[in-house]
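As a plain string of letters, each chain reads:
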Amino acid sequence: MSTEKIQRVGIIGAGQMGAGIAEVCARAHVDVLVFEQTRELAAAGRARILRSLDRGVSSGKITEREREQAAWRLRFTSDLGDFADRQLVVEAVVENEEVKTAIFAELDKVVTDPNAVLASNTSSIPIMKIAVATNNPERVVGMHFFNPVPVLPLVELVTTLKTTDTVTKRAEQFAADVLGKQVVRSADRSGFVVNALLVPYLLSAIRMVESGFATKEDVDKAMVLGCAHPMGPLALTDLVGLDTVKSIADSMYEEFKEPLYSAPPLLSRMVEAGLLGKKAGAGFYQYNRA
Ligand code: NAI
């Protein structure tokens, strides 16, 4: 049984989260292969990571040399077939069950290590739904990172009824010992710990704005100044991405049928309008495109 130290990681998707996870892995001296659908998206993903590494240098968190070395450890591909030798793969594509299951079905055929960790960074889709798309569901776990990944220390580790202890330990050791993250365990329930608590709060804030209870600025100001939150719920919804918040709400509603988890119409309309938040340049607020 091969349970050698994880040195070769694959990341699927170089959006907000995939780029962040790739960056922390490269900074932790691990060889990182990133999948993106097209060369253009791969170039955008690489640029996103390099900008973040630059910010790390300007803020004194990493040296110029560490930035250079991290950049050398990052390679990009548009062929999942290149992932055969990976010991850990973290999937971070759009929060959509069909897209994720199709990727896991293909990945499972490609990755050769029987004890490889095939992890999803899903925020809310039960991991078992993804695992059963593979022929080896015992290799599948949830490794849920937080945004921005280089800054927030938490990883939620989600195991299913089928995940082996070997795979679970490998995932936990990598997150804790290699990446230096703090790990909490969650049962395989939609939303896991953090989003099961956070998302109803974000949806309630959107309903407040929608009903004219208070302005978005006042809702955010109230939670920052009254509860010492680092940002208010509308600004946080913009940071997460409105499409992602809606998809999380939809998954949690499907699982629990709890009215508090149902997406308010304002959120749905904004997603349809392409007002996806910071990553799109506009959401509840306007942004310079990152
Ligand atoms: P994003 O919108 O920044 O990136 C989405 C990624 O999915 C891109 O790499 C895009 O190329 C890829 N993608 C889109 N459609 C695809 C398809 N049909 N096939 C293959 N790839 C496709 O989204 P973000 O924020 O990076 O979220 C990604 C995952 O991480 C989601 O599962 C989300 O729930 C989860 N997550 C998001 C957090 C957040 O704060 N945004 C926090 C923790 C987890």
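Remember, it's a predicted structure, so these values are computed and weren't measured experimentally.

Novice: What is the right way to look at the packing of aromatic side chains in this model?
Specialist: As enumerated under the stated definition, the model contains one aromatic pair in all. With a centroid separation of 5.9 Å and an interplanar angle of 70°, the aromatic rings of Phe 256 and Tyr 261 are classed as edge-to-face. We classify Tyr 261 as buried; its relative accessible area is 14%. Over the ring of Tyr 285 we find Lys 216; its NZ or CZ atom is 5.4 Å from the centre of that ring.

Novice: It is not clear to me how helix 4 (residues 97–110) should be interpreted in this structure. Could you clarify?
Specialist: Given 3.6 residues per helical turn, the α-helix brings residues three or four places apart onto the same face. Given a rise of 1.5 Å per residue, 14 residues ought to cover 20 Å, and the 20 Å separating the end C-alpha atoms of helix 4 matches this to within 8%. Taken together, the buried positions of helix 4 are occupied by Lys 100, Thr 101, Ile 103, Phe 104, Leu 107, Asp 108 and Val 110. In this fold, the buried residues of helix 4 make contact with strand 1 (8–12), strand 4 (88–91), strand 5 (117–120), helix 5 (127–131) and strand 6 (140–145). Of the residues flanking the start of helix 4, the one acting as N-cap is Asn 96, its side-chain oxygen 2.9 Å from the backbone nitrogen of Glu 98.

Novice: I tried to follow the pattern of salt bridges on my own but got confused; where do I start?
Specialist: Opposite charge on two side chains permits pairing when their charged atoms draw close. As enumerated under the stated definition, the model contains 18 salt bridges in all. The salt bridge involving Glu 97 is made with Lys 129; its shortest N-O contact spans 3.8 Å. Of this pair, Glu 97 sits in helix 4 while Lys 129 sits in helix 5, and the two are 32 residues apart along the sequence. Note on Lys 129: relative accessible area 29%, which makes it partly exposed. Here Lys 279 and Asp 243 are joined by a salt bridge, their closest N and O atoms 2.9 Å apart. Pair noted here: Lys 279 is in the segment after helix 11 (265–272) and Asp 243 is in helix 10 (residues 242–256), with a separation of 36 residues, a long-range link. Judged by its relative accessible area of 31%, Lys 279 falls in the partly exposed class. The structure contains a network of salt bridges with shared partners spanning Arg 8, Asp 31, Arg 75, Asp 85 and Arg 86.

Rules behind the numbers
- Residues numbered from 1 in each chain as written.
- Predicted model: local features only at pLDDT ≥ 70, side-chain atom pairs only at ≥ 80, totals over all residues.
- Heavy atoms only, no water.
- Phe/Tyr/Trp six-rings, centres within 6.5 Å; stacked < 30°, edge-to-face > 60°.
- Buried < 20%, exposed > 50% of the residue type's maximum accessible area, 1.4 Å probe, protein only.
- Lys NZ or Arg CZ within 6 Å of the ring centre and 35° of its normal.
- Helix = DSSP H or I, 4+ residues; strand = E, 2+ residues; numbered from the N terminus.
- Expected span 1.5 Å × (residues − 1).
- Contact = heavy atoms within 4.5 Å.
- Polar contact = N/O pair within 3.5 Å; in protein donor to acceptor, adjacent residues only side chain to side chain.
- Salt bridge = Lys/Arg side-chain N within 4 Å of Asp/Glu carboxyl O.

These results come straight from atomic positions and should not be treated as a statement about function.
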